[in-house]
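# A closer look at the structure
Read off the chains here:
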Amino acid sequence: MAFRRLSPRISPMVSHSASLPAFGLIAIGVLAPLTMLLAVALAQKQGFSIVFDLTLDNFGQILARESYLLILLRSLVIAAVVALTSVVLAYPVAFFLAFDTRYKFFWLALITLPFWSSYLLRIFAWKIILGYDGIINSTLLTTGMIETPLGFLLYNKAAVIITLIHSWAPFAVLPIFVSLNHISPQVLQAATDLGDSQVRRFFRLIVPLSSPGLLAAFLVVFIPTAGDYITPSLVGGPTGAMIGNVIFLLFARAQDWPAGAAMAVIFMLTMSLAASTLVMTYHLLIRWMTGRADR
């Protein structure tokens, strides 16, 4: 008796039904809040109440305020500097982890050590280090290098950038490490056998092959730091305020929820455009480099 071999293919109905819980979670956790945010952004504030008469006036008022646009631009610049610096600092660490097979688990645990403490504690630590009576000023005063404490170390953009780099640089290590760890040793050995030096092999093979990890690390740091609220609130001061502080002020202090929601929507659209532009530029660059190599 011949038995027909069962096909491993799953029917479309079964596959669609299996994905329904995931779609449900996305709808509840992502689409519903975004829809509510957009609805509030299109509403109007009348006194202490919100009237849902759909209008674009809130967006027009936000875009007409030059100060809001400057803070949005400042947030993007700070986030880009933090992300780029974090990637540059994280790459040697990830390189060491990927190609030095000894004690890999120990070094990975050591990198994640800052995550064992509170995010607020790390910010307060930098506030103590950079403060007017902080560790840096106390050390310089004790050694006689300065006569009065330095007041420019805290409450500015530089303090925000330093604190964000310290908080987010470990996040950049892991994507780069995964990308480097997938590079085959046989490829590197073949390049060496063909006469490539270590420097040439690094720039011609390792960097291009690890570029997806570099892009992922940049986005992992860039997107959350652009909307950070706590760090600029504690160490930023007036010149280090970011877009998250403006959104908080519109929601909490001014009690203007439609304007705050409109600012949040504008920020999300700006970040989506920036991230999409970066990804498209990366793919175009890779395609151009691949086509040039095939010639």
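Only a predicted model underlies this, so the values are computations on that prediction, with no experimental measurement involved.

### Notes on the overall build of the protein
The secondary structure content of the protein amounts to 13 helices and two strands. Seen along its three principal axes, the alpha-carbon backbone of the protein occupies a region of about 80 × 70 × 40 Å. A burial count over the protein gives 34% of its 295 residues as buried. The long-range share in the protein, meaning contacts at least 24 apart out of those at least 6 apart in sequence, stands at 69%. Only carbon and sulfur atoms are counted for the fraction: they give 72% of the accessible area of the protein, which is about 18600 Å². Between the centroid of the 18 positive side chains of the protein and the centroid of its 11 negative side chains there is a distance of 12 Å.

### Brief notes about the environment of Gly260
Structurally, Gly260 can be placed in helix H13 (residues 257-294). With 77 residues separating them in the primary sequence, Gly260 and Ile183 have C-alpha atoms 46 Å apart. In contact with Gly260, not counting residues within four places along its chain, are Ile247, Leu250 and Phe251.

### Describing the packing of helix H3 (residues 66-99) against helix H10 (residues 211-226)
Geometrically, a packed helix pair is captured by the angle between its two axes and the distance between the axes. Put simply, H3 and H10 touch, their axes get as near as 8 Å, and they point 140 degrees apart. Where H3 crosses over H10, the handedness of that crossing is right-handed. Of H10, the residues touching H3 (which contributes Ser75, Leu76, Ala79, Ala80, Val82, Ala83, Leu84, Ser86, Val87 and Tyr91) are Leu214, Ala217, Phe218, Val221, Phe222, Thr225 and Ala226. Of the residues that constitute the contact of H3 with H10, the class distribution is 14 nonpolar, three polar and no charged.

### Quick word on helix H2 (residues 57-64)
Considered for burial, the residues of H2 that qualify are Asn58, Phe59 and Ile62. All buried residues of H2 lie within an arc of 95 degrees about the axis, which places them on one face of the element.

### Some thoughts on the nonpolar core
Soluble globular proteins tend to bury their nonpolar side chains together. Counting 62 residues, the largest nonpolar core has Ile176, Leu180 and Met263 as the members making the most contacts within it. It is H3 that contributes the most residues to this core, 14 residues altogether. Once residues within four sequence positions are removed from consideration, Leu180 is found in contact with Tyr91, Ala94, Phe95, Ala98, Phe99, Ile206 and Ser210.

### Side note on the packing of helix H8 (residues 185-193) against helix H9 (residues 198-209)
Taken N-terminus to C-terminus, the directions of H8 and H9 make an angle of 145 degrees; their axes are 11 Å apart at the nearest point. The way H8 lies across H9 gives a crossing that is right-handed. Contacts from Val187, Leu188, Ala191 and Thr192 in H8 reach Arg201, Leu205 and Ile206 in H9. For the contact of H8 with H9, the per-class residue count stands at five nonpolar, one polar and one charged.

### Topic: the packing of aromatic side chains
All told, the structure shown has ten aromatic pairs when counted by the stated rule. For the pair Phe95 and Phe99, a centre-to-centre distance of 4.7 Å together with 50 degrees between the ring planes defines the contact as tilted. Of this pair, Phe95 and Phe99 are both found in helix H3, four residues apart, which corresponds to roughly one turn of the helix. Relative accessible area serves as the criterion here: at 29%, Phe95 is assigned to the partly exposed category.

### Let's talk about unusual backbone geometry
A positive phi angle is found at Tyr155, which is not glycine, with a value near 60 degrees. Locating Tyr155 in the fold gives a position in the loop between helix H6 (135-143) and helix H7 (157-181). Even without a glycine there, the phi angle at Gln255 is positive, about 55 degrees. Among the structural elements, Gln255 can be located in the loop between helix H12 (243-253) and H13. The class for Gln255 is partly exposed, based on a relative accessible area of 45%.

### Observations concerning a nonpolar patch on the surface
Side chains of Phe96, Tyr103, Phe106, Trp107, Leu110, Leu113, Phe115, Trp116, Phe171 and Val220 sit close together on the surface and give an oily, nonpolar patch of about 1000 Å² of accessible area. Among the elements that make up the nonpolar patch, the one with the highest residue count is helix H4 (residues 104-111) (three residues). Tracing the backbone shows Phe106 in helix H4. What makes Phe106 partly exposed here is its relative accessible area of 48%.

### A look at the confidence of the model for the protein
Model confidence for the protein is summarised by a mean pLDDT of 86, while 92% of its residues fall at 70 or above. By mean pLDDT, the top-scoring element of the protein is H10 (95), and the lowest-scoring one is helix H1 (residues 12-41) (78). pLDDT under 50 marks residues 1-7. Its contacts with residues more than four places away, or in other chains, come to zero contacts.

### Here's the deal with the environment of Ala22
Its place among the elements puts Ala22 in helix H1. With 22 residues separating them in the primary sequence, Ala22 and Gln44 have C-alpha atoms 34 Å apart.

Analysis parameters
- Residues numbered from 1 in each chain as written.
- Predicted model: local features only at pLDDT ≥ 70, side-chain atom pairs only at ≥ 80, totals over all residues.
- Heavy atoms only, no water.
- Helix = DSSP H or I, 4+ residues; strand = E, 2+ residues; numbered from the N terminus.
- Buried < 20%, exposed > 50% of the residue type's maximum accessible area, 1.4 Å probe, protein only.
- Contact = heavy atoms within 4.5 Å.
- Areas by Shrake-Rupley, 256 points an atom, 1.4 Å probe, with all protein chains shown as cover.
- Lys, Arg positive; Asp, Glu negative; His and termini not counted.
- Charge placed at Lys NZ, Arg CZ, Asp CG, Glu CD.
- Axes fitted to C-alpha atoms, helices over the stretch in contact; angles between N-to-C directions.
- Left-handed = near helix turned anticlockwise from the far one by under 90°.
- Nonpolar A, V, L, I, M, F, W, Y, C, P; charged D, E, K, R; others polar.
- Arc of directions from axis to C-beta.
- Core = buried A, V, L, I, M, F, W, Y, C linked by side-chain atoms within 4.5 Å.
- Phe/Tyr/Trp six-rings, centres within 6.5 Å; stacked < 30°, edge-to-face > 60°.
- Patch = residues over 30% accessible without salt bridge, like charges linked within 9 Å, V, L, I, M, F, W, Y side chains within 5 Å.
- Salt bridge = Lys/Arg side-chain N within 4 Å of Asp/Glu carboxyl O.
- pLDDT = per-residue confidence, 0-100.

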